[in-house]
Amino acid sequence: MPLHKTLYSYAFSILRDENDAADCLQESFTKLWENRSRLEKIENVGAYATTTVRNIALTMLTRQRQRMCPFGDNPPDLADTAPTPGDSAEGKDDLHTVRELLDLLPDNQRKVVVMSAVAGLTNTEITRATGLADENVRVLLSRGRKRLRQLFNKL
């Protein structure tokens, strides 16, 4: 309990919602209680508790994003607004091609590109949801976009 205030502040800094931070903290304390026999062997219990809060908060963020963005790593089918059947077929081919090209990207690049381009998340939100460093997110996004351009131009 001496860490309650610190852990709550940390959860709030990730989740940006008082109720979610309280839920996160409650779940964290439950996990810590369930693993109390292991805590005696851990040198820095505070760091262990902080890591537990971080992992649970990021899981909560991921679940929230999935509710907002139910398609996960796959882009949604776009509504057909083309005026002619030929345009419609061409658009579907392009969408199919983009999906195939996304599958050629490494997992981290694909996930970050989809979260940014399709789900509309900011780099900060992607950083929170994935646990990657901000610089790493920017690099993955840049390399993913560049690779997609290269692959698309080869077609």
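Look up a bit, the structure's there.
Quick notes on the overall build of the chain
Counting its regular elements, the chain contains eight helices and zero strands. The N-to-C order of helical and strand elements in the chain reads α-α-α-α-α-α-α-α. Per-residue burial over the chain gives 29% buried out of 155 residues. In the chain, once contacts between residues fewer than 6 apart in sequence are set aside, the share between residues at least 24 apart is 59%. Accessible area of the chain: about 10400 Å², with a carbon and sulfur share of 51%.

A look at the side chain of Arg-110
Mapped onto the secondary structure, Arg-110 falls in helix H6 (residues 107–117). Not counting the four nearest positions on each side in its chain, Arg-110 is found in contact with Leu-102, Asp-103 and Leu-105.

Brief notes about unusual backbone geometry
Although it is not a glycine, Arg-16 adopts a positive phi angle of roughly 60°. For Arg-16, a relative accessible area of 53% gives the class exposed.

Thoughts on the environment of Gly-131
Assignment of secondary structure puts Gly-131 in the loop between helix H7 (123–130) and helix H8 (134–154). Accessibility expressed as a relative area gives 32% for Gly-131, which makes it partly exposed. When residues no more than four places from it in sequence are discounted, the contact partners of Gly-131 are Arg-54, Leu-58 and Ile-126.

Here's the deal with a nonpolar patch on the surface
On the surface, Val-98, Phe-152 and Leu-155 cluster together to form a nonpolar patch covering roughly 290 Å² of accessible area. Exposure remark for Leu-155: the relative accessible area of 66% places this residue in the exposed category.

Procedures and definitions
Residues numbered from 1 in each chain as written. Predicted model: local features only at pLDDT ≥ 70, side-chain atom pairs only at ≥ 80, totals over all residues. Heavy atoms only, no water. Helix = DSSP H or I, 4+ residues; strand = E, 2+ residues; numbered from the N terminus. Buried < 20%, exposed > 50% of the residue type's maximum accessible area, 1.4 Å probe, protein only. Contact = heavy atoms within 4.5 Å. Areas by Shrake-Rupley, 256 points an atom, 1.4 Å probe, with all protein chains shown as cover. Patch = residues over 30% accessible without salt bridge, like charges linked within 9 Å, V, L, I, M, F, W, Y side chains within 5 Å. Salt bridge = Lys/Arg side-chain N within 4 Å of Asp/Glu carboxyl O.

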